[in-house]
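Observations on the model geometry
This is what each chain is made of:
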Amino acid sequence: MSNRARILLAPRRAFTRRRGSVLLTAMLFAIALGLVLVGYLNLSRTSLKLAHRTFFATDASNLAEAGLEEAIYCFNQMTAGTAAATAWSGWTISSTNAMRTLPPFSRDQNAIGTVKVYVHGYDGTDAAPYVIAQGTITSFDGSPPIVKIVQVGLTQSGSFFTNGVVGISGVSLSGKPSFDSFNSNPSNSATGPWLAYSAALAQTNTTVIVPSGSVSLGSGKINGNLLLGASVTAPPASQVTGTIKTNYTGTFPLPTYPTAASVSKSYNLGSSLPALLPAVGHVPAADGRYYYFVSGATIGNTAIAAGKNVTIVGTTTSLSSGLSIGTNATCKIYMDGIINASGHGAINNGGNGGNNQTGNNSGNNSGDPNWAGSLQIFTSTAGTCQISGNGDLQACVLAPNATLSVAGGGSLVGSFTAKTVTASGNVGFHYDEALKFVSIGGSSAGGAKLTSWFERQSSADRSAVAALTNNFLP
């Protein structure tokens, strides 16, 4: 090849080499750009899926809470007087449990939502019913379903007296005391009639609560449930027929006491009460109750006239045997003293108080049986409220600072809350299940109230849910 030809080919070879370098650079850049785009698309896809699942997780929680509301609505229907069979129409019933799967919901972005609800103690026979609701979202993209499970504990609001016995700082028993329940008003009628307690009516639906301290049952037995604070050691399971729960939290404050300024009409009786209340010529306040204020008094040997609603507010005042409540009458006592019923003394033991117009009624069983809800006692005393010998008390008692000491073979019918509870002998504590639904004035209670709320998240929680719902919820 001539020198001229070589000179002409040299630039072409140089150009070819430069063109090859540019092409290689472009290919590398394209590959890098492709990798970046793929990574960005994957990141965007992951972010989108995460956003979807976050959105659907919130939606699943909302669906679970909707299931809770469905159950609480049914409880409130019963509280308003609707029969259980009607209130829970459409639910699957098994013993005292109710189950329901709501129709599927069409959610955003073509997702499908389902709700399943399980209710333990739907019919009011359990003093501490609970509801477990499961909300599930099945996404459009085939990813695993999102499941949220929420559990709530319930009680009936409108009453302080939804438990059998509460020992806020401990329960100490000896001998062979017993705890059970019965229903004095199975028809849930606001005007009765109420049945007196008897062994034939006894049920196993009471609840004993010990938030702190210790619990010792002696040779006694709880025919119902036992709720304990986290620090309280449980007694042998053989002494409790129902469930033992060990994570209870709750408080038992006294209500605000009435004052003369807070009611439209009241009377000051000084240190003594007449044999019959309301006294002749007295008129009720605007709410229909007769209000009496006393100081330095002992409430006893007093009858509340049939059909009348009386409130007694006392300072340096105590309660002793002899108070009787007439048919369809009620009495609320707000005081700072002790309760004492000893020997064969009785307080509200089913007498016909008020039917005897002389007021000379010692609270014997000569009249129609009354019920525990007709007498509510609130006391701030830190002393000892004593029921001894064969003394009987049929009432609802809230004494969160006091010791309730019971001895002998007497009977306590109603609901009893004290700082500590001690008992010996063969005393019986009989909770009246009617107290969960009807307030002292005969009106319906305020409906279901939440006592606990928590979400079941862990695998252990899911296993517990399966056991609690008899595998209705996986």
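Here's what I pulled together on the structure shown here. (Residues numbered from 1 in each chain as written. Predicted model: local features only at pLDDT ≥ 70, side-chain atom pairs only at ≥ 80, totals over all residues. Heavy atoms only, no water.)

1. With respect to the overall build of the protein
In terms of regular secondary structure, the protein is built from three helices and 31 strands. By residue count, 47% of the 474 residues in the protein fall in the buried class. In the structure as shown, the protein presents an accessible area of about 21,400 Å², 56% of it carried by carbon and sulfur atoms. (Helix = DSSP H or I, 4+ residues; strand = E, 2+ residues; numbered from the N terminus. Buried < 20%, exposed > 50% of the residue type's maximum accessible area, 1.4 Å probe, protein only. Areas by Shrake-Rupley, 256 points an atom, 1.4 Å probe, with all protein chains shown as cover.)

2. Quick look at the environment of Gly-164
Along the chain, Gly-164 turns up in the loop between strand 6 (146–157) and strand 7 (165–167). Along the sequence, Gly-164 and His-430 sit 266 residues apart, while their C-alpha atoms lie 7.2 Å from each other. Filtering out sequence-adjacent residues up to four positions away, Gly-164 remains in contact with Thr-206, Thr-207, Gly-414, Ser-415, Phe-416 and Tyr-431. (Contact = heavy atoms within 4.5 Å.)

3. A word on the pattern of salt bridges
Throughout the structure, instances matching the rule amount to four salt bridges. A salt bridge links Asp-59 to Arg-107; the shortest N-O distance between them is 2.7 Å. Of this pair, Asp-59 sits in helix 1 (residues 3–79) while Arg-107 sits in the loop between strand 3 (105–106) and strand 4 (112–120); the two residues are 48 residues apart in sequence, bridging distant segments of the chain. Residue classification places Arg-107 among the partly exposed residues on the basis of a relative accessible area of 27%. Here Glu-70 makes a salt bridge to Arg-100, at a shortest N to O gap of 3.3 Å. You can see Glu-70 sitting in helix 1 and its partner Arg-100 sitting in strand 2 (residues 97–101), a full 30 residues away along the chain. (Salt bridge = Lys/Arg side-chain N within 4 Å of Asp/Glu carboxyl O.)

4. What about the sheet that holds strand 22 (residues 324–325)?
Taken in spatial order, the three strands line up as 16-19-22 in an open sheet, and their pairing is parallel. Edge positions in the sheet fall to strand 16 (276–277) and strand 22, since each of these pairs with one other strand and no more. Bridging between strand 19 (residues 303–304) and strand 22 involves two bridges; their strand directions are parallel. Looking at the pairing, Ala-303 lines up with Ser-324 of strand 22. (Pairing = 2+ DSSP bridges.)

5. A closer look at the packing of aromatic side chains
Evaluation of the coordinates by the stated rule reveals eleven aromatic pairs. Aromatic side chains Tyr-334 and Phe-378 sit 4.9 Å apart centroid to centroid with 10° between the ring planes, which places their arrangement in the stacked category. Highlighted residues: Tyr-334 in strand 23 (residues 330–335) and Phe-378 in strand 26 (residues 375–379), separated in sequence by 44 residues. Here Tyr-334 and Phe-378 have matching classes, each one buried. Joined through ring pairs, the aromatic side chains of Phe-75, Trp-88, Trp-91 and Tyr-122 make up one cluster. The side chain of Lys-116 reaches across the aromatic face of Phe-472, ending 4.5 Å from its centre. (Phe/Tyr/Trp six-rings, centres within 6.5 Å; stacked < 30°, edge-to-face > 60°. Lys NZ or Arg CZ within 6 Å of the ring centre and 35° of its normal.)

6. Quick look at the pairing of strand 29 (residues 411–423)
Where burial is concerned, most of strand 29 is hidden: ten out of the 13 residues are buried. The pairing of strand 7 with strand 29 spans three bridges and is classified as parallel. Each residue of the ladder has a partner; that of Gly-167, found in strand 29, is Ala-418. Note: strand 8 (residues 171–173) against strand 29, three bridges, orientation parallel. From the neighbouring strand, Val-171 faces strand 29, where its bridge partner is Val-421. In this structure, strand 28 (residues 392–406) lies alongside strand 29, joined through twelve bridges in parallel fashion. Counted as the bridge partner of Ala-395 is Gly-414 from strand 29. Sheet topology note: the strand 29/strand 30 (residues 428–432) ladder contains three bridges and is parallel. Opposite Val-413, over in strand 30, you have His-430 as the bridge partner.

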